[in-house]
Amino acid sequence: EAGVTQFPSHSVIEKGQTVTLRCDPISGHDNLYWYRRVMGKEIKFLLHFVKESKQDESGMPNNRFLAERTGGTYSTLKVQPAELEDSGVYFCASSQDYVSGNTIYFGEGSWLTVV
Amino acid sequence: GNSVTQMEGPVTLSEEAFLTINCTYTATGYPSLFWYVQYPGEGLQLLLKATKADDKGSNKGFEATYRKETTSFHLEKGSVQVSDSAVYFCALRPGGSNYKLTFGKGTLLTVNP
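In this report, the structure presented in the accompanying data block is examined.

## Some details on the pairing of strand 11 (residues 110-114) of chain A
Residue and element names in this part refer to chain A.
Thought 1: A one-sided burial pattern is seen for strand 11, the buried positions being S110, L112 and V114 and the unburied ones W111 and T113.
Thought 2: Bridging between strand 2 (residues 10-13) and strand 11 involves four bridges; their strand directions are parallel. Residue pairing across strands places V12 opposite T113, the latter belonging to strand 11.
Thought 3: By the bridge criterion, three bridges tie strand 9 (residues 88-95) to strand 11 in an arrangement that is antiparallel. The residue bridging Y90 from the neighbouring strand is S110, located in strand 11.

## Things to note about the nonpolar core
Most often, soluble globular proteins have nonpolar side chains that are buried together.
Thought 1: One finds L19, W35, L47, L48, F73, L75 and Y88 of chain B to be the most contacted residues of the largest nonpolar core, which totals 26 residues.
Thought 2: Put simply, the parts of the chain that give this core at least two residues each are strand 2 (11-14), strand 3 (19-21), strand 4 (23-26), strand 5 (32-38), strand 6 (44-50), strand 8 (62-65), strand 10 (86-93) and strand 12 (107-112) of chain B.
Thought 3: Per-element tally for this core: the top contributor is strand 10 of chain B, with four residues.
Thought 4: Setting aside residues up to four positions removed in sequence, L75 of chain B forms contacts with L19, T20, I21, W35, L47, L48, F62, E63, A64 and Y88 of chain B.
Thought 5: Listed in part, the 21 residues of the second largest apolar core include L32, F49, F65 and L77 of chain A.

## Topic: the state of the cysteines
Residues and elements named next belong to chain A.
Thought 1: Scanning the model with the defined rule gives two disulfides over all chains in all.
Thought 2: Between the sulfur atoms of C23 and its disulfide mate C92 the distance is 1.8 Å. On the sign convention where negative means left-handed, the S-S torsion of about -65° between C23 and C92 marks this disulfide as left-handed. You can see C23 sitting in strand 3 (residues 19-24) and its partner C92 sitting in strand 9, a full 69 residues away along the chain.

## Some words on the sheet that holds strand 3 of chain A
Strands in a sheet are paired, the pairing made by backbone hydrogen bonds, and the direction either parallel or antiparallel.
Residues and elements named next belong to chain A.
Thought 1: The strand order 1-3-8-7 describes an open sheet built from four strands, whose pairing is antiparallel. A strand with exactly one partner marks an edge of an open sheet, and here the two such strands are strand 1 (5-7) and strand 7 (65-68). Sheet twist, expressed as the average angle between the axes of neighbouring strands with direction ignored, equals 15°.
Thought 2: The pairing of strand 1 with strand 3 spans three bridges and is antiparallel. Bridge pairing in strand 3 places Q6 opposite C23.

## Focus on the sheet that holds strand 9 (residues 75-77) of chain B
Residue and element names in this part refer to chain B.
Thought 1: The strand order across the open sheet built from four strands is 3-9-8-7, with neighbouring strands paired in antiparallel fashion. Two strands close off the open sheet at either side, each with one partner strand: strand 3 and strand 7 (56-59). Mean inter-strand twist for the sheet, computed between neighbouring axes without regard to direction, equals 15°.
Thought 2: Judged from the four bridges that link them, strand 7 and strand 8 form a sheet pairing that is antiparallel. Within the sheet, the bridge partner assigned to G57 lies in strand 8 and is A64.

## Brief notes about the pattern of salt bridges
All names here are of chain B.
Thought 1: Under the criterion given, the structure shown has eight salt bridges over all chains.
Thought 2: Among the salt bridges present, the one from E63 reaches K56, with a minimum N-O distance of 3.6 Å.
Thought 3: Between D84 and K77 there is a salt bridge, with its nearest N and O atoms 2.8 Å apart. Comparing D84 with K77 shows no difference in burial state: the two are buried.

## Topic: the interface of chain B and chain A
Thought 1: Of the residues lining the interface, 24 residues belong to chain B; the matching set on chain A comes to 25 residues.
Thought 2: Buried surface at the junction of chain B and chain A, summed over both partners, amounts to about 2000 Å²; 54% is from carbon and sulfur atoms.
Thought 3: Considering only the side of chain B, the residues that lose the most area to chain A are R93, Y99 and K105 of chain B, jointly responsible for 31% of the buried surface there.
Thought 4: The interface formed by chain B and chain A contains one salt bridge.
Thought 5: Among the ionic pairs, K100 of chain B bridges to D56 of chain A, the shortest N-O distance being 3.0 Å.
Thought 6: In this assembly, chain B and chain A are joined by six residue pairs in polar contact (both at pLDDT 80 or more).
Thought 7: Of all the secondary-structure elements, those providing two or more residues to the side of chain B that touches chain A are strand 5, strand 6 and strand 10 of chain B.
Thought 8: The element that contributes the greatest number of residues to the side of chain B that touches chain A is strand 5 of chain B, accounting for four residues.
Thought 9: The class makeup of the residues in the side of chain B that touches chain A is nine nonpolar, ten polar and five charged.

Cut-off values and rules
- Residues numbered from 1 in each chain as written.
- Chains lettered and ligands numbered in written order.
- Predicted model: local features only at pLDDT ≥ 70, side-chain atom pairs only at ≥ 80, totals over all residues.
- Heavy atoms only, no water.
- Buried < 20%, exposed > 50% of the residue type's maximum accessible area, 1.4 Å probe, protein only.
- Helix = DSSP H or I, 4+ residues; strand = E, 2+ residues; numbered from the N terminus.
- Pairing = 2+ DSSP bridges.
- Core = buried A, V, L, I, M, F, W, Y, C linked by side-chain atoms within 4.5 Å.
- Contact = heavy atoms within 4.5 Å.
- Disulfide = S-S within 2.5 Å.
- Axes fitted to C-alpha atoms, helices over the stretch in contact; angles between N-to-C directions.
- Salt bridge = Lys/Arg side-chain N within 4 Å of Asp/Glu carboxyl O.
- Buried area = accessible area lost by both parts, 1.4 Å probe.
- Polar contact = N/O pair within 3.5 Å; in protein donor to acceptor, adjacent residues only side chain to side chain.
- Nonpolar A, V, L, I, M, F, W, Y, C, P; charged D, E, K, R; others polar.

Structure representation (structure tokens):
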């Protein structure tokens, strides 16, 4: 069974440009999450989809970030325009449901560097 | 709010040494507790978990016990290997239907031969 896959694995862009990160969750997982870790800080929650609906986007830092999950399958996270402080690793994760003890499976992350 | 505090390291050990990485948490109710590991060049992997007080999670020789009285979930391994070199993250997930994981800052472990 394929795990959570993310693309691209690494991206270097200039300040002001746009980047779109893609995540394919584990097949059959209705719940999809985005997290990010900026340099030296904690991994922080960004948002949560249940199927195609945004359940919680309270962690999105500002309106330069837009997440979508059309059709309830893969998701994209767009940063436009990118700023230097957006550099970090963006993790996507998925789970079958959101019962507390159930496992959330993470992808390998998309490393974003804004120069 | 919820928070996780773990020793920040970096931690450097020789092969076969004993490992402890401390983790304490603040949360309301009865959270589930997790240790995730990130090996070099790889994503986050669940290492072990415990869903209620006094539960012990274990995997790959690592253990952690959910101690509600001390709000701790310390990670231990009796004899580390070079292949254990990685970043370790302690995390909690609140009880009920709350889905958000709250992570600690991560501890970099380097094991030398």
